[in-house]
Amino acid sequence: MAKISKEQWVGCPFRYAAAAFGDKWSLLILRDIMFGTAMRYSDFVSSEEGIATNVLANRLEHLVNKEILEKTPDPDDARKSIYLLTSKGKDLAPVFLAMVQWSQKWDDKTLVPQDYLANLVAGSAPNPQGEA
């Protein structure tokens with residue numbers, strides 16, 4: 001099978017999505033913002049997955065450059081920053097919900113309480129950025 005050229009990849013939705021947010025660390029950062037309470041650099045550093053600081057800084061910068069996250073001054077300490085989902089980032093919620101549902105169905109080690117999953121589907125799960 002011949003390797004396809006970069007020009008042939010143009011227009012491919014999977015290529016675009018993978019390049020924008022498709023690596024393991026970017027997905028975990030977005031998970032922690034979307035479904036958790038993470039928004040500060042220190043929140044991500046202290047996550048149980050143990051992301052290296054250089055990788056974290058690179059992924060946060062990448063997600064900001066792709067306009068999936070926005071970096072703003074921390075209202076509690078202007079010397080620091082917080083990361084929030086942009087409209088483009090918020091539009092990933094159905095994608096992440098589908099990933100949660102798929103994992104819940106096919107991975108017996110997936111730990112998502114059924115009531116939380118039902119609330120996610122209904123759009124009533126807690127959102128750390130204060131939106132439904």
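Residues numbered from 1 in each chain as written. Predicted model: local features only at pLDDT ≥ 70, side-chain atom pairs only at ≥ 80, totals over all residues. Heavy atoms only, no water.

Looking at this structure, I do not really get the pattern of salt bridges. What am I missing?
Any two side chains of opposite charge can pair if their charged atoms end up close together. Counted by the stated rule, this structure contains six salt bridges. Residue aspartate 74 is joined to arginine 40 by a salt bridge in which the shortest nitrogen-to-oxygen separation is 2.6 Å. A residue pair is termed long-range when its members are at least 10 positions apart, and aspartate 74 in strand S1 (residues 69-74) and arginine 40 in the loop between helix H3 (24-34) and helix H4 (41-45) qualify at 34 residues. Among the salt bridges present, the one from aspartate 76 reaches arginine 40, with a minimum N-O distance of 3.2 Å. One end of the pair, aspartate 76, is in the loop between S1 and strand S2 (77-85); the other, arginine 40, is in the loop between H3 and H4, and 36 residues separate them in sequence. Look at arginine 40 and you get partly exposed, because its relative accessible area is 24%. (Salt bridge = Lys/Arg side-chain N within 4 Å of Asp/Glu carboxyl O. Helix = DSSP H or I, 4+ residues; strand = E, 2+ residues; numbered from the N terminus. Buried < 20%, exposed > 50% of the residue type's maximum accessible area, 1.4 Å probe, protein only.)

I keep staring at the nonpolar core and nothing clicks. Help me out?
Here is a general trend for soluble globular proteins: nonpolar side chains tend to be buried in one another's company. Core analysis: the largest hydrophobic core is formed by 20 residues, its most contacted members being Ile29, Leu30, Phe44 and Leu69. Residue assignment for this core shows that the elements contributing at least two residues are helix H2 (13-21), H3, helix H5 (53-65) and S2. Among the elements that take part in this core, H3 stands out by supplying six residues, more than any other. Apart from the residues lying within four places of it in its own chain, the contact partners of phenylalanine 44 are Ile29, Asp32, Ile33, Ala38, Met39, Ile51, Leu56, Leu60 and Tyr83. (Core = buried A, V, L, I, M, F, W, Y, C linked by side-chain atoms within 4.5 Å. Contact = heavy atoms within 4.5 Å.)

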